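Now for the letters of each chain:
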Amino acid sequence: MGTPSPPAEPPAAPAPARRAPSGPLLRAAGAAVRALSGPLLRAAGAARRAPLGAALALVVVAASVYVIALPLAVVRYPPMTDLPFHAAQTAALRHYLDPAWHFREQFTLQPLAVPYMSMYALGALLMLVLPPVAAVKVAAAAMLALLPAGLAVLFHGLKRSPLLGVLGLVLVWCNLTHWGFLNHMGALGLFAMVVGLTLLLVDRPSRGRQIALALALVALFFTHVFRFPFAIAAVVGAAIVVFPATRRLRPIALPLAPSLVLFAAWLAVRTDTLHAAPFTPALHWERLGEVPSLLFTSFTDPTEAAAARRAARLVLAALLVCLGGAAVQLAASMSAPARAPATPMPAPAVPAAAPPPAADARQRAFTRLAALVPIACAAVFLGLFLSLPLQIGLWWYVYPREIVAALFLALGAFPDLPRSPWLKVPAVLALAAAAMSLGDVARDNYRRFDHSTRDFDAIIARIPRAPRLLYLVFDHGGSTRATTPFIHLPAWVQATRGGWLSFHFAVWDASPIAYRPRAEPGAVVPPPTPLRWEWTPEKFDVRRHGAFFDWFLVRRRAGADHLFARDPSIVPVDHVGDWWLYRRAGAP
């Protein structure tokens, strides 16, 4: 039996017809849908035509996420030495106009005079939707992701498989990353991208490729201004090298213009710190013996060296597979014309389409000449590694950075992936495994550091918003890092709470965030500190250095009461692990 029907009701009045959306909003939505659907449809079509290539592309993307994102995800405060100050400057950009954070009264912005802006601008945008720590980690991951992305574009411009961009993951967790030189690492990826886009542009000019090259150069300028002149030279040099095959130079002129205008403006307004200090270059061939120690020696954990050796073997295995595939392909192409068909073939009614011999020869010449470009770039950076000093003015650790640049560009000499899937798949998997081996080391050691900073996280919870914080780090033990990750750790307080710090990168006038002149009306700036103050906490004298501050954070296992004994207004607040917290009586 069915359920009884409800009593009939009078029919309801028809609802008024809703007007279809129209106007600018509808047009904008339609444009967005068309802009997104085009690339998605093309990607879906490419995947259907080449399912193996699509599957390997997913492998490379998954390997990139695993290698780059996972180590950052397992730790709250990554043990990159300079990252806390990158976070503090990102927060200053994000909250510059918020009086509760007290950034405007102590800092001035100089995005053109010191244009290391890309990571900070990205992090500030992310802070609109993410907590400060998470936003900084995502921005850091974006800088590192430029290594495989830029290398993929370079290989595309060299007419090789973009899947070889996975090679860039091998250098993601080198020493420079653990130091926190993220602008430098991101700029290397952008440099490779610029070279690849230049080759694509002069090979087949288009408006889209001109715009892409112009944007990449502007991004490089705002990522690492000292890498920018080398990129301009690489663009012009690459176009000249392949000119015998392309007969084109004019397409690069327009993309160079915006970034060159910015560079000229920077030369006019740059700070004194960014003027090159004089030095006498000299070749130091003995530095070639330092190369292993400058790449993967960031941890005291012996698994790092083992992972580096394993990665080298896997890259070598992939190289041999690619060389073997190239040899097989060459042998097949050489033997193909010698074969005669077993039976005569009837002539087709319509001739089959084939590239003209001249165009085919031009493409071969282009490929041969383009292969010289990354090798030449690597040679230039190797020369800088052998000739630059360790320190130029306030810039430290100068020449070790260039060996990473040289090796990264040298990866552009890697041969193309074999056409045979039986060779292509193991080659890509071997390269991915090489990077994942080094990523595992970073992940495990970053996870250990997370345990070492739980006391720090607990004690800074007692610090209020916008403190005037003086910090001293005496003890640097408790991590597997070969270089202390604790030296700047308290800068996370400013990144998450605002306020003032006793030491800041802004004092060097080499960052987009600089201290205001102390005599400027309305300026509230911490007192100056001696050079290397952060490394010499024993110089602290509470009567000379403590008057401006109302909160004091010390990392010292043996206690810190004696440091403040001469100022009875400073009282202890808490002690967690190796950290000691004090405040001035009456402080908020």
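Because the structure is a prediction, the values reported are computed rather than measured. (Residues numbered from 1 in each chain as written. Predicted model: local features only at pLDDT ≥ 70, side-chain atom pairs only at ≥ 80, totals over all residues. Heavy atoms only, no water.)

**Some thoughts on a nonpolar patch on the surface**
Moving on, step 1. A cluster of nonpolar side chains, Leu125, Leu128, Val129, Leu130 and Val138, forms an exposed patch at the surface whose accessible area comes to about 470 Å².
Moving on, step 2. Along the chain, Leu130 falls in the loop between α4 (118-126) and α5 (132-157).
Moving on, step 3. Under the relative-accessibility criterion, Leu130 is labelled partly exposed at 31%. (Patch = residues over 30% accessible without salt bridge, like charges linked within 9 Å, V, L, I, M, F, W, Y side chains within 5 Å. Areas by Shrake-Rupley, 256 points an atom, 1.4 Å probe, with all protein chains shown as cover. Salt bridge = Lys/Arg side-chain N within 4 Å of Asp/Glu carboxyl O. Helix = DSSP H or I, 4+ residues; strand = E, 2+ residues; numbered from the N terminus. Buried < 20%, exposed > 50% of the residue type's maximum accessible area, 1.4 Å probe, protein only.)

**Details of the confidence of the model for the protein**
Moving on, step 1. Predicted confidence across the protein gives a mean pLDDT of 90, with 89% of residues reaching 70 or more.
Moving on, step 2. Here residues 1-22 is modelled with pLDDT under 50, and outside its nearest four sequence neighbours on either side it reaches one contact, counting other chains as well.
Moving on, step 3. A low-confidence stretch, residues 338-343 stays under pLDDT 50, and its non-local contacts, those more than four residues away or across chains, total zero contacts. (pLDDT = per-residue confidence, 0-100. Contact = heavy atoms within 4.5 Å.)

**Here we look at unusual backbone geometry**
Moving on, step 1. Look at Arg247: it is not a glycine, yet its phi comes out positive at around 55 degrees.
Moving on, step 2. Tracing the backbone through its elements, the reader meets Arg247 in the loop between α10 (243-246) and α11 (253-269).
Moving on, step 3. The phi angle at Arg532 is positive, at roughly 65 degrees, despite the residue not being glycine.
Moving on, step 4. Following the sequence through the fold, Arg532 ends up in the loop between β6 (513-515) and α19 (542-545).
Moving on, step 5. Judged by relative accessible area, Arg532 falls into the partly exposed class, the value being 36%.

**Description of the packing of aromatic side chains**
Moving on, step 1. Across all of its chains, the model carries 34 aromatic pairs by this definition.
Moving on, step 2. Pairwise contacts between aromatic rings join Tyr116, Phe221, Phe222, Phe226, Phe228, Phe263, Trp266 and Trp395 into one cluster.
Moving on, step 3. Above the ring of Phe181, the side-chain terminus of Arg401 is found at 4.2 Å from the ring centroid.
Moving on, step 4. In this structure, Arg556 packs its charged tip against the face of Phe474, placed 5.3 Å from the ring centre. (Phe/Tyr/Trp six-rings, centres within 6.5 Å; stacked < 30°, edge-to-face > 60°. Lys NZ or Arg CZ within 6 Å of the ring centre and 35° of its normal.)

**Describing helix α7 (residues 182-203)**
Moving on, step 1. For α7, which comprises 22 residues, the first-to-last C-alpha distance of 32 Å matches the rise-based estimate of 32 Å (1.5 Å per residue) to within 8%.
Moving on, step 2. Within α7, 22 of the 22 residues are buried, leaving the element largely enclosed by the surrounding structure. (Expected span 1.5 Å × (residues − 1).)

**Re the environment of Phe449**
Moving on, step 1. The residue Phe449 is located in helix α16 (residues 421-452) in this model.
Moving on, step 2. Residue classification places Phe449 among the buried positions, given a relative accessible area of 2%.
Moving on, step 3. When residues no more than four places from it in sequence are discounted, the contact partners of Phe449 are Val75, Tyr77, Pro78, Pro79, Ser479, Pro485 and Phe486.

**Details of the pairing of strand β4 (residues 468-473)**
Moving on, step 1. For β4, the buried fraction is high: five of the six residues fall into the buried class.
Moving on, step 2. Both β4 and strand β5 (residues 500-501) contribute to a ladder of two bridges, which runs parallel. By the bridge assignment for β5, Leu469 is matched with Leu501.
Moving on, step 3. Assessed by its sense of winding, the connection that carries the chain from β4 through helix α18 (residues 491-497) to β5 is right-handed.
Moving on, step 4. Relative to strand β7 (residues 551-555), β4 runs parallel, the two being bridged by five bridges. Paired with Leu472 across the bridge in β7 is Val554. (Pairing = 2+ DSSP bridges. Right-handed = clockwise from strand over helix to strand, strands pointing away.)

**As for the pattern of salt bridges**
Moving on, step 1. Across all of its chains, the model carries 15 salt bridges by this definition.
Moving on, step 2. For Asp457, the salt bridge identified is with Arg76, shortest N-O distance 3.3 Å. Within this pair, whereas Asp457 is found in helix α17 (residues 454-460), its partner Arg76 is found in the loop between α2 (51-73) and α3 (83-94), the two being separated by 381 residues in sequence.
Moving on, step 3. The exposure class assigned to Asp457 is partly exposed, which follows from its relative accessible area of 31%.
Moving on, step 4. A relative accessible area of 38% places Arg76 in the partly exposed class.
Moving on, step 5. Where Lys159 meets Asp203, a salt bridge forms, and the shortest distance between an N and an O atom there is 2.7 Å. Note that Lys159 is positioned in the loop between α5 and α6 (175-179) and Asp203 in helix α7, a separation of 44 residues in sequence.

**With respect to the environment of Ile513**
Moving on, step 1. Locating Ile513 in the fold gives a position in strand β6.
Moving on, step 2. Here Ile513 falls in the buried class, since its relative accessible area comes to 3%.
Moving on, step 3. Once the C-alpha coordinates of Ile513 and Val114 are considered, the two residues, 399 residues apart in sequence, prove to be 8.5 Å apart.
Moving on, step 4. When neighbours within four sequence positions are excluded, Ile513 is seen to be in contact with Gln89, Ala92, Phe107, Thr108, Leu109 and Ala506.

**Looking at the pairing of strand β8 (residues 570-576)**
Moving on, step 1. In terms of strand pairing, β8 meets strand β9 (residues 579-584) through six bridges, oriented antiparallel. Within the sheet, the bridge partner assigned to Pro572 lies in β9 and is Tyr582.
Moving on, step 2. Between β8 and β9, which pair antiparallel one after the other, the connecting turn spans two residues, and Gly577 there sits at a positive phi close to 60 degrees.

**Section: the packing of helix α9 (residues 228-241) against α11**
Moving on, step 1. At a minimum axis separation of 12 Å, α9 and α11 run at an interaxial angle of 150 degrees. With respect to α11, the axis of α9 lies roughly antiparallel. Handedness of the α9/α11 crossing: left-handed. Residue-level contacts link Phe228, Pro229, Ile232, Val235 and Val236 of α9 to Leu256, Ser259, Leu260 and Phe263 of α11.
Moving on, step 2. In terms of residue class, the contact of α9 with α11 is built from eight nonpolar, one polar and no charged. (Axes fitted to C-alpha atoms, helices over the stretch in contact; angles between N-to-C directions. Parallel < 35°, antiparallel > 145°, perpendicular 65-115°, else oblique. Left-handed = near helix turned anticlockwise from the far one by under 90°. Nonpolar A, V, L, I, M, F, W, Y, C, P; charged D, E, K, R; others polar.)

**Some points on the sheet that holds β8**
Moving on, step 1. Spatial ordering of the open sheet is given by β5-β4-β7-β9-β8, a layout of five strands whose pairing is mixed. In the strand order of this sheet, the two ends are held by β5 and β8, each with one partner.

**Some points on the side chain of Ser161**
Moving on, step 1. Position of Ser161 relative to the elements: it lies in the loop between α5 and α6.
Moving on, step 2. Taking relative accessible area as the criterion, Ser161 reaches 17% and is therefore assigned buried.
Moving on, step 3. Contact partners of Ser161, with chain neighbours within four places excluded, come to Phe155, Asp416 and Leu417.

**Concerning the side chain of Arg516**
Moving on, step 1. Mapped onto the elements of the fold, Arg516 is located in the loop between β6 and α19.
Moving on, step 2. Looking at Arg516, the relative accessible area reads 17%, which means it is buried.
Moving on, step 3. There is a polar contact of 3.2 Å between the side chain of Arg516 and the backbone oxygen of Phe107.
Moving on, step 4. Discounting residues that sit within four places of it in the chain, Arg516 has contacts with Tyr96, Arg104, Glu105, Gln106, Phe107, Thr108, Ala523 and Val525. (Polar contact = N/O pair within 3.5 Å; in protein donor to acceptor, adjacent residues only side chain to side chain.)

**Examining the packing of helix α8 (residues 207-221) against α11**
Moving on, step 1. Orientation of α8 relative to α11, taken along the N-to-C sense of each, is 20 degrees, at an axis distance of 7 Å. The orientation of α8 relative to α11 falls into the category roughly parallel. For the crossing formed where α8 meets α11, the hand is right-handed. Taking contact as the criterion, the partners of Gln210, Leu213, Ala214, Leu217, Val218 and Phe221 in α8 are, on α11, Leu254, Pro255, Leu256, Pro258, Ser259, Leu262, Phe263 and Trp266.
Moving on, step 2. Each residue belonging to the contact of α8 with α11 can be placed in one class, and the counts come to twelve nonpolar, two polar and no charged.

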